[in-house]
There are 2 protein chains.
Amino acid sequence: MRGNSPLPQGEGQGEGELNASAMHTFAPPRGMRDFYPEDFRARDALFSAWRETARLWGFEEYDAPVVETLDLLERKAGEEISEQIYAFQDKSGRGLALRPELTPSLARMIIARQGALSFPLKWSAIAQCFRYERMTRGRKREHYQWNLDIVGEESVLAEAEVLGAAIAALRRLGLSHEDFRVRVGSRAVLAGLFARSGIAPEHFTALCLALDKRGKISDDQVRELLRAEGVGEADAGRVFEMLALRSLEDVDGRLAGDSAVADLHTLFDHARDLGFGQYLDFDLTVIRGLGYYTGIVFEAFDTAGRFRAIFGGGRYDNLLSTLGGERMPCVGLGFGDVVVMELLAQLGKAPATARGLEYAVGYMDEPSRNLAMQVAARLRAGGESCDLALAAE
Amino acid sequence: MRGNSPLPQGEGQGEGELNASAMHTFAPPRGMRDFYPEDFRARDALFSAWRETARLWGFEEYDAPVVETLDLLERKAGEEISEQIYAFQDKSGRGLALRPELTPSLARMIIARQGALSFPLKWSAIAQCFRYERMTRGRKREHYQWNLDIVGEESVLAEAEVLGAAIAALRRLGLSHEDFRVRVGSRAVLAGLFARSGIAPEHFTALCLALDKRGKISDDQVRELLRAEGVGEADAGRVFEMLALRSLEDVDGRLAGDSAVADLHTLFDHARDLGFGQYLDFDLTVIRGLGYYTGIVFEAFDTAGRFRAIFGGGRYDNLLSTLGGERMPCVGLGFGDVVVMELLAQLGKAPATARGLEYAVGYMDEPSRNLAMQVAARLRAGGESCDLALAAE
């Protein structure tokens, strides 16, 4: 899950696995959401902010099937195929799955037309994604995720553009740099630091996946995972020392002239020039859970630290070649619907969900109905919304 | 499938079941669609026409999970659970399915809050629906369907409102009554005519399902189905005689004073008063394949008769009680995305799919990039869409 890992938690904390009782006969499938009109209006306010921002930033919207082949998801590098995927077979025995994230589908669509599309391209989507979890803590099993991707661009201006758009969407929703910040790190810088420390590069992806678990598991457990990867005690000590570097200047001292460090400097410069520098913080401990990231990575959090990541992403230059396409640099992010709505609610900035009806036309008796109908028809023809009473009032 | 039954056919006619070859490695799952940006813009033009019409008519938008419980789909009356449903189990062994239509989910949501919602309510949704078909003729396995429903209203003004909205959406897309017409029948009128002929009422639902197959199978095969239902040769002859009634006046003569006939008259009157009378044709042979319809039913077709139904629906007063809620009158329709797009294309009225970008800002060398970035930031802040070049040109 690109933007928010793990998936959102629902309100229904503590639901067990065994209460498929009469009470739940009219509930949606476990972990999934109904959107009654007032829920829909809140969701639509968020989707509109996403969509309008993507438009302003020049992203083109696309979509892919909510069902993907298991084959595609299995071809993705660096991670075992998750047990948390909703997988099933069609009647010909083909493996299918409800997509856990949109990026593999994006990569598939790009590769399918890699010879015909014009690059760099900037694509945007709002995709429902699914994850099967045992409902021990009432977690949700689906969420919507806004995806922004720039494909075919090496320059770090690509990172600046997706970050700028995601931050602008949050500002459009009423949040400022006092409410949230984006932590920016770099796997390429980490790789450089580790290499300088003599840690074998073939351990790098597994090492990132282990380090991404920090905070969820203890540092001792992380050390255990590193040991399992063949990273000795002394090397592990150096790994944690690197992660403790607090500023880009500290990194400069250790990796002078490194292009990945230069990219980070450039990104902070671009952010300042594009007007969102105050939202970015350097943080080398940002790693991201997905195996496919290769360069700059980032995660946005509320400043109070109450919620999981609002959005997250980074550079993934090898995914297309891993899946069988030509190598092509990519930058992208995922931005889920649940955390941001929780944050907005907590800050008293939840979108208004009043019904936006312009006219309601009623009538006292059947003879006046004909006039009411004509009024309604005229209003609607003029672009005014009108609810016509269906019976005399 | 409520609006278009059967599901849309794809362009890929003649695909066999066995070509999961390298050529298809980057294709979407069989029968499902990718939406590249130009495809997405066409789809968005249709969705916008649907959504704006729903807004003008005072419908509130809602949504339900794309995954439903098999239990809900099995509770639906009058039809066996289709073999064409994408069904699977979650890891707790619960039966789930990709929804084949939205109406059961709507009914579930209404029943869950039947004591709290205000009726009548007018709800609208755009829902992706799925159907598993063996791909002998390249049929699609998913489509999007616009749903309009009015719940809690006995009056035939409910039918007039959903029909008026669907017709207005087609007019908004550039079509007129020369391009399409809506055939309006009534299962309640048919039931009255059959009862007057002495045909046992318990056969009625099965009879409707058999008669709905006319055109797909020969009248002799329909007679065979009727015989299997216990409808004798003489009664079958009378059934076909009823279906040959060409005008509402012919029906008047046989069912004088019948309230279902009066409802049809009222609907045609309302349509005239609301300004869409010229779109409606009386046609008693319109039956609809779904078991749950109880009263007026309708289907829209292109006047040239080249395509399947554009939209279809009717009154279903018993579905909520069948599923375990309180009885409540309902009227609804489903309007799929595929047939209308084929019709628009055939008439040269396909929506424009040009990219709506307002500005593109480039720069000749790295030093000018900073100014270009500031220009882009200013344009976007002012609500103008802008694609910023990611490298010097």
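Residues numbered from 1 in each chain as written. Chains lettered and ligands numbered in written order. Predicted model: local features only at pLDDT ≥ 70, side-chain atom pairs only at ≥ 80, totals over all residues. Heavy atoms only, no water.

Caption draft 1: Representation of the sheet that holds strand β4 (residues 95–98) of chain A. All names here are of chain A. Strand order in the open sheet formed by three strands is β2-β4-β3, with antiparallel pairing between adjacent strands. Strand pairing shows two members of the sheet lacking a second neighbour, β2 (67–69) and β3 (87–89), which therefore form its edges. Taken pair by pair, the neighbouring strands of this sheet meet at an average axis angle of 35 degrees, ignoring direction. (Pairing = 2+ DSSP bridges. Helix = DSSP H or I, 4+ residues; strand = E, 2+ residues; numbered from the N terminus. Axes fitted to C-alpha atoms, helices over the stretch in contact; angles between N-to-C directions.)

Caption draft 2: Structural context of the sheet that holds strand β6 (residues 142–151) of chain A. All names here are of chain A. Strand order in the open sheet made by the eight strands is β1-β5-β6-β11-β10-β9-β7-β8, with mixed pairing throughout. Each edge of the open sheet is held by one strand with a lone partner, namely β1 (60–61) and β8 (280–282). With two bridges connecting them, β1 and strand β5 (residues 121–130) associate as parallel partners. Counterpart to E60 in the pairing with β5 is W123. Against the sheet, helix α4 (residues 157–172) makes contact with β5, β6, β7 (180–186), β8, β9 (296–302), β10 (311–315) and β11 (330–336), and its axis sits at roughly 145 degrees relative to β6, the strand it touches most. (Contact = heavy atoms within 4.5 Å.)

Caption draft 3: Quick peek at the state of the cysteines. All names here are of chain A. Within this structure, the stated rule accounts for zero disulfides over all chains. C208 forms no disulfide, and the closest cysteine sulfur to it belongs to C330, at a distance of 18 Å. Looking at C330, it has no disulfide partner, and the nearest cysteine sulfur is the one in C129, 17 Å off. (Disulfide = S-S within 2.5 Å.)

Caption draft 4: Expanded view of the relation of the copies chain A and chain B. Least-squares fitting of chain A to chain B yields an RMSD of 0.1 Å, with the superposition described by an axial translation of 0.0 Å and a rotation of 180 degrees. Here the two chains are linked by the operation of a two-fold rotation axis. Every residue of chain A has its C-alpha some distance from the rotation axis, and the shortest such distance is that of A:F88, at 3.0 Å. A shared interface surface links the copies, since 100% of the contact residues of chain A are contact residues in chain B too. (Least-squares fit on C-alpha atoms with pLDDT ≥ 70 in both.)

Caption draft 5: The arrangement of the packing of helix α6 (residues 204–211) of chain B against helix α7 (residues 219–228) of chain B in detail. Residues and elements named next belong to chain B. Relative to each other, α6 and α7 sit at 165 degrees, their axes nearing to 9 Å. In terms of orientation, α6 lies roughly antiparallel with respect to α7. Where α6 crosses over α7, the handedness of that crossing is right-handed. Seen from α6, the contacting residues are L207, A210 and L211; seen from α7, they are V222, L225 and L226. When its residues are assigned to classes, the contact of α6 with α7 shows six nonpolar, no polar and no charged. (Parallel < 35°, antiparallel > 145°, perpendicular 65-115°, else oblique. Left-handed = near helix turned anticlockwise from the far one by under 90°. Nonpolar A, V, L, I, M, F, W, Y, C, P; charged D, E, K, R; others polar.)

Caption draft 6: Quick look at the environment of A:G336. All names here are of chain A. Turning to its location among the elements, G336 is positioned in strand β11. Classification of G336 as buried rests on a relative accessible area of 0%. Residues G336 and I310, spaced 26 residues apart in sequence, show a C-alpha to C-alpha distance of 6.8 Å. (Buried < 20%, exposed > 50% of the residue type's maximum accessible area, 1.4 Å probe, protein only.)

Caption draft 7: Highlighting the pairing of β4(A). All names here are of chain A. As paired elements, β2 and β4 share three bridges and run antiparallel to each other. Bridge pairing in β4 links E68 to A97. In this sheet, β4 lies alongside β3 in antiparallel orientation, the contact comprising three bridges. Considered in β4, the bridge of A87 is made with A97. What sits between β3 and β4 in their antiparallel hairpin is a turn of five residues, with G93 showing a positive phi close to 85 degrees.

Caption draft 8: Spatial organisation of the packing of helix α1 (residues 37–56) of chain B against helix α4 (residues 157–172) of chain B. All names here are of chain B. At a minimum axis distance of 9 Å, the contact between α1 and α4 shows a crossing angle of 135 degrees. The orientation of α1 relative to α4 falls into the category oblique. Crossing hand, α1 versus α4: right-handed. On the side of α1, the interface is formed by A49, W50, E52, T53 and L56, while α4 contributes A165, A168, A169 and R172. By residue class, the composition of the contact of α1 with α4 is six nonpolar, one polar and two charged.

Caption draft 9: Looking closely at the interface of chain A and chain B. With 87 residues of chain A at the interface, the matching set in chain B holds 87 residues. Together, the buried faces of chain A and chain B total about 7500 Å²; carbon and sulfur atoms form 58% of this surface. Area buried by chain A at its contact with chain B is led by A:F26, A:Y36 and A:L390, which between them contribute 11% of it. Where chain A meets chain B, there are 18 salt bridges. A salt bridge links A:D34 to B:R108; the shortest N-O distance between them is 2.8 Å. Taken together, the connections running from chain A to chain B amount to 37 residue pairs in polar contact (both at pLDDT 80 or more). The element that contributes the greatest number of residues to the side of chain A that touches chain B is helix α1 (residues 37–56) of chain A, accounting for seven residues. Class assignment of the residues belonging to the side of chain A that touches chain B gives a composition of 44 nonpolar, twelve polar and 31 charged. (Buried area = accessible area lost by both parts, 1.4 Å probe. Salt bridge = Lys/Arg side-chain N within 4 Å of Asp/Glu carboxyl O. Polar contact = N/O pair within 3.5 Å; in protein donor to acceptor, adjacent residues only side chain to side chain.)

Caption draft 10: Quick look at the confidence of the model for chain A. Residue and element names in this part refer to chain A. In this model, chain A carries a mean pLDDT of 89, and residues with pLDDT of at least 70 account for 91%. Segment residues 3–23 is flagged for pLDDT under 50; beyond a separation of four residues in sequence, or across chains, it makes 65 contacts in the model. Scored by ipTM, the complex comes to 0.91, with pTM at 0.91. (pLDDT = per-residue confidence, 0-100.)

Caption draft 11: Representation of empty space enclosed by the protein. According to the stated counting rule, one finds three cavities of 30 Å³ or more in the structure shown. For the largest cavity, the calculated volume is near 570 Å³. Looking at the lining of the largest cavity, the elements that each hand over two or more residues are α1 and β5 of chain A together with α1 and β5 (121–130) of chain B. For the lining of the largest cavity, a count of residues per class yields 16 nonpolar, two polar and twelve charged. Forming the walls of the second largest cavity are A:T69, A:D90, A:R94, A:L96, B:P29, B:R30, B:M32, B:Y86 and B:R141. Of the residues in the lining of the second largest cavity, the class split is four nonpolar, one polar and four charged. (1 Å grid on protein atoms, 1.4 Å probe; cavity = no way out; pocket = protein on both sides within 12 Å on 5 of 7 lines; lining within 4 Å. Points joined across faces, edges and corners; volume = space filled by probe spheres on them.)

Caption draft 12: Layout of the pattern of salt bridges. All names here are of chain B. Taken as a whole, this structure holds 66 salt bridges over all chains when the rule is applied. Salt-bridge contacts for K216 lead to D212; the nearest nitrogen and oxygen are separated by 3.8 Å. Look at D212 and you get buried, because its relative accessible area is 16%.

Caption draft 13: Expanded view of the domain arrangement of chain A. Annotation of chain A at the domain level lists domain 1 (1–29), domain 2 (37–346) and domain 3 (359–388). Computed over C-alpha atoms, the centres of domain 2 of chain A and domain 3 of chain A are 51 Å apart. (Domains from an automatic or database assignment.)

Caption draft 14: Representation of the environment of B:A107 in the model. Residues and elements named next belong to chain B. With respect to the helices and strands, A107 occurs in helix α3 (residues 103–112). Residues A107 and A42, spaced 65 residues apart in sequence, show a C-alpha to C-alpha distance of 31 Å. If near-sequence neighbours (up to four positions away) are discounted, A107 is found in contact with L319, L320 and L323.

Caption draft 15: Structural detail: the environment of B:A158. Structurally, the position occupied by B:A158 is in helix α4. Residues B:A158 and B:C330 lie 172 residues apart in sequence; the distance between their C-alpha atoms is 8.4 Å. Excluding its chain neighbours within four sequence positions, the residues that come into contact with B:A158 are A:L390, B:I150, B:E153, B:R315 and B:V331.

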